[in-house]
Amino acid sequence: MKNELVKYILNHTVLSKELEEIVIESSNIRTYKKGTLILDENSISNESFLVLKGCIRSFLIVNGEEKTLEIYTEGQPIMPKNYGKNLPTEQFLECIEESIVNAGSKEFEEAMLAKYPQFQSICRIIGEVIMAKQQELFLNYKIASPEDRYLHLTKNRPDLLQRVPQYQIASYLGLTPQSLSRIRKRLLNKTK
């Protein structure tokens, strides 16, 4: 799995063999069983994560109801709300599947950047890619109809439909399970 971290970085930029070795040696790989809560709303998180294998859901509980914020799969970074601020995260991170992550802390990142300044440009490049994807998702969510959000999901992340329970998909799309069911039925009837 340590090589998965190198592969992730290589998807965005080049690494010298020396930097590849540094990444492998400095990785902090963890495995979590399905159903594990990595964080709860009261956790103070000084760690960020990169999903190497598996599926992890971020959610809040609002008025007793779970609201899915994001569903992370392979190659996606997770930076909990209030990361490194010594405040409760106010969110939950739950493993939908057995998951393998690389965990990192703000202190570790700062030490690595001080020791290996070459990582600054790598972090900047990856950060820009992540920000662009998040901006696209946010804009799509804001301007799209519920049906269009579902179609976007089926086109861009079809694996989630097989990996994630439908009620969590509905929550992720900002819908009730009943509304998602109606949308799916309507789309199925259109294809007949």
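Note: the structure precedes this text.
Residues numbered from 1 in each chain as written. Predicted model: local features only at pLDDT ≥ 70, side-chain atom pairs only at ≥ 80, totals over all residues. Heavy atoms only, no water.

Enquirer: Would you mind going over the state of the cysteines with me for this structure?
Expert: Note on terminology: disulfide describes a covalent bond linking the sulfur atoms of two cysteines. For the structure shown, the criterion picks out zero disulfides. With no disulfide of its own, Cys55 lies closest to Cys95 among cysteine sulfurs, the gap being 9.1 Å. The exposure class of Cys95 is buried, given its relative accessible area of 2%. (Disulfide = S-S within 2.5 Å. Buried < 20%, exposed > 50% of the residue type's maximum accessible area, 1.4 Å probe, protein only.)

Enquirer: Even after reading the chapter, I still don't get the pattern of salt bridges, so can you show me in this structure?
Expert: Two side chains bearing opposite charge may form a pair once their charged atoms approach each other closely. Per the counting criterion, the structure on display carries 13 salt bridges. Among the salt bridges present, the one from Arg186 reaches Glu147, with a minimum N-O distance of 3.0 Å. Here Arg186 is found in helix α8 (residues 177-191), whereas its partner Glu147 is found in helix α5 (residues 146-156), with 39 residues between them in sequence. Via salt bridges that share partners, Glu74, Glu97, Asp159 and Arg163 belong to a single interconnected network. (Salt bridge = Lys/Arg side-chain N within 4 Å of Asp/Glu carboxyl O. Helix = DSSP H or I, 4+ residues; strand = E, 2+ residues; numbered from the N terminus.)

Enquirer: Explain the pairing of strand β3 (residues 47-53) here, please?
Expert: Taken residue by residue, a regular strand's side chains alternate between the two faces of the sheet. Burial analysis of β3 places five of its seven residues in the buried class, which makes it a mostly covered element. Bridge count for β3 against strand β8 (residues 99-105) is six bridges, and the pairing is antiparallel. Looking across to β8, one finds that Ser48 is bridged to Gly104. (Pairing = 2+ DSSP bridges.)

Enquirer: Mind showing me how you'd approach the nonpolar core here?
Expert: The nonpolar side chains of a soluble globular protein tend to be buried, and buried together. Membership of the largest hydrophobic core comes to 17 residues, with the highest contact counts inside it found for Ile9, Leu15, Leu19, Ile22, Val23, Phe119 and Ile122. Looking at this core, the elements with two or more residues in it are α1 (2-10), α2 (17-26), β3 and α4 (119-143). Apart from residues no more than four positions distant in its own chain, Ile122 is found in contact with Ile9, Thr13, Leu15 and Leu19. Ile96, Val164, Leu175 and Leu180 belong to the second-largest nonpolar core, a separate cluster that totals 16 residues. (Core = buried A, V, L, I, M, F, W, Y, C linked by side-chain atoms within 4.5 Å. Contact = heavy atoms within 4.5 Å.)

None of the figures reported here should be taken as evidence of function without further support.
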